[in-house]
Amino acid sequence: VFTFNYVTLQVVIRRLPPSLTKEQLEEQLHPLPAHDYFEFCTADPSLYPHLYSRAYINFRNPDDILLFRDRFDGYVFIDNKGLEYPAVVEFAPFQKISKKKLKKKDAKAGSIEDGKHIFLISRWKSYSVYC
């Protein structure tokens, strides 16, 4: 028998229109129950003809998941061309919240300006001319 030590709170909304934006989705999902994570992924053109956007939501209250599913599973989203996209709401297969990695500035960027390094580079270039 398998037991889980955590509560599943993250859901994914699949099969959203490819032209849908995050702002448009938030407007259509309003009012959204209390959540601490919302990520919208636009459609990937390399997956043509299966172009769908998706969104991940991590709810704070497990009871809100059932209400959200009842409201939006099968909900038909209409894109700007008038095409219909019935959404699918399901538990996210990966329940951990992804952390956005901040690009750190390289600590050694701009550090080759010292005279010794420039001298070595100039010697190396002059040496490679003779070889």
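Here's a quick rundown of the structure. (Residues numbered from 1 in each chain as written. Predicted model: local features only at pLDDT ≥ 70, side-chain atom pairs only at ≥ 80, totals over all residues. Heavy atoms only, no water.)

### Some words on the environment of Asn61
Mapped onto the elements, Asn61 comes out in the loop between strand S3 (53-59) and helix H2 (62-72). Judged by relative accessible area, which is 32%, Asn61 ranks as partly exposed. It is 7.4 Å that separates the C-alpha atoms of Asn61 and Leu9, two residues lying 52 residues apart in sequence. (Helix = DSSP H or I, 4+ residues; strand = E, 2+ residues; numbered from the N terminus. Buried < 20%, exposed > 50% of the residue type's maximum accessible area, 1.4 Å probe, protein only.)

### Concerning unusual backbone geometry
Excluding glycine, most residues fall at negative phi; most peptide bonds, likewise, are trans. Of note, the bond from His30 into Pro31 is cis; its omega dihedral lies within 30 degrees of zero at -5 degrees. Here Pro31 shows up in the loop between helix H1 (22-29) and strand S2 (35-41). At the junction of Tyr48 and Pro49, the peptide bond is cis and its omega measures out at 10 degrees in the coordinates. Checked against the element boundaries, Pro49 lands in the loop between S2 and S3. Positive phi, close to 65 degrees, is recorded for Arg15, a residue that is not glycine. Along the polypeptide, Arg15 turns up in strand S1 (residues 10-16).

### Let's talk about the environment of Arg60
Along the polypeptide, Arg60 turns up in the loop between S3 and H2. Arg60 sits 23 residues away from Tyr37 along the chain, and the two C-alpha atoms are 9.2 Å apart. Leaving out residues up to four positions away in the same chain, Arg60 has contacts with Leu9, Ala34, His35 and Asp36. (Contact = heavy atoms within 4.5 Å.)

### What about the pattern of salt bridges?
Counted according to the given criterion, the structure contains two salt bridges. Between Glu90 and Arg14 there is a salt bridge, with the nearest N and O atoms lying 2.4 Å from each other. Pair noted here: Glu90 is in strand S6 (residues 88-91) and Arg14 is in strand S1, with a separation of 76 residues, a long-range link. For Arg69, the salt bridge identified is with Asp70, shortest N-O distance 2.9 Å. On the basis of relative accessibility, which here comes to 36%, the residue Arg69 falls in the partly exposed class. (Salt bridge = Lys/Arg side-chain N within 4 Å of Asp/Glu carboxyl O.)

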